[in-house]
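# Commentary on secondary and tertiary structure
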Amino acid sequence: MHDEATPPAVLDQIDKVTSGHWTSLQFHGPFHFSRKCNAGALVATGEYLCFLNDDMDVVDPGWLAELADLLDDPEVGAVGPRLLFADGTLQHAGHVYNGGSPGHLLFGEPADSLDLGAPRS
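In what follows, the accompanying structure is described. Just so we're clear, the structure is a prediction, and the values are computed from it rather than from any experiment.

The rules behind these values
- Residues numbered from 1 in each chain as written.
- Predicted model: local features only at pLDDT ≥ 70, side-chain atom pairs only at ≥ 80, totals over all residues.
- Heavy atoms only, no water.
- Buried < 20%, exposed > 50% of the residue type's maximum accessible area, 1.4 Å probe, protein only.
- Helix = DSSP H or I, 4+ residues; strand = E, 2+ residues; numbered from the N terminus.
- Arc of directions from axis to C-beta.
- Phe/Tyr/Trp six-rings, centres within 6.5 Å; stacked < 30°, edge-to-face > 60°.

### Considerations on helix 2 (residues 33–43)
Because an α-helix packs 3.6 residues into every turn, residues spaced three or four apart end up facing the same way. Burial in helix 2 covers these residues: Lys36, Cys37 and Gly40. The arc that holds the buried residues of helix 2, viewed along the axis, is 100 degrees, so those residues lie on one side. Exposed residues pointing more than 90 degrees away from the buried face of helix 2 are listed as Asn38 and Leu42.

### So, the side chain of threonine 18
Looking at where threonine 18 falls in the secondary structure, it is placed in the loop between helix 1 (8–17) and helix 2. Residue class for threonine 18 comes out buried when judged on its relative accessible area of 16%.

### Points about the packing of aromatic side chains
Following the criterion strictly, the structure yields one aromatic pair and no others. The interplanar angle of 85 degrees and the centroid separation of 5.5 Å between the aromatic rings of phenylalanine 85 and phenylalanine 107 together place this pair among those described as edge-to-face. Residue phenylalanine 85 is located in the loop between strand 1 (83–84) and strand 2 (90–92), and its partner phenylalanine 107 is located in the segment after strand 4 (101–104); the two are separated by 22 residues in the primary sequence. Taking relative accessible area as the criterion, phenylalanine 85 reaches 31% and is therefore assigned partly exposed.

Structure representation (structure tokens):
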């Protein structure tokens, strides 16, 4: 979903990153990230959904394929990338659900506090 304020350069970059394999719809109304995601999910026709915010800088060109590969495991229902704040601390390293209260794993911790091991081939 995109709204009227989405710069054309952002849409062009998404097209480039996805090699043209994406669909976007115009969103009307005040900004509400979850509402936009839900509206997009209702009309999605692909096998996977990717919720990508426009303030992300991709540092690994294979990130999307790597995340999608994890979904081949029937025990996995959702995946997410490691996201860093501008100061290098972790914004997101996965979701945790503890007693019905969702949260971001390692939120605010140093990026190197998560040992990711060697890259997968």
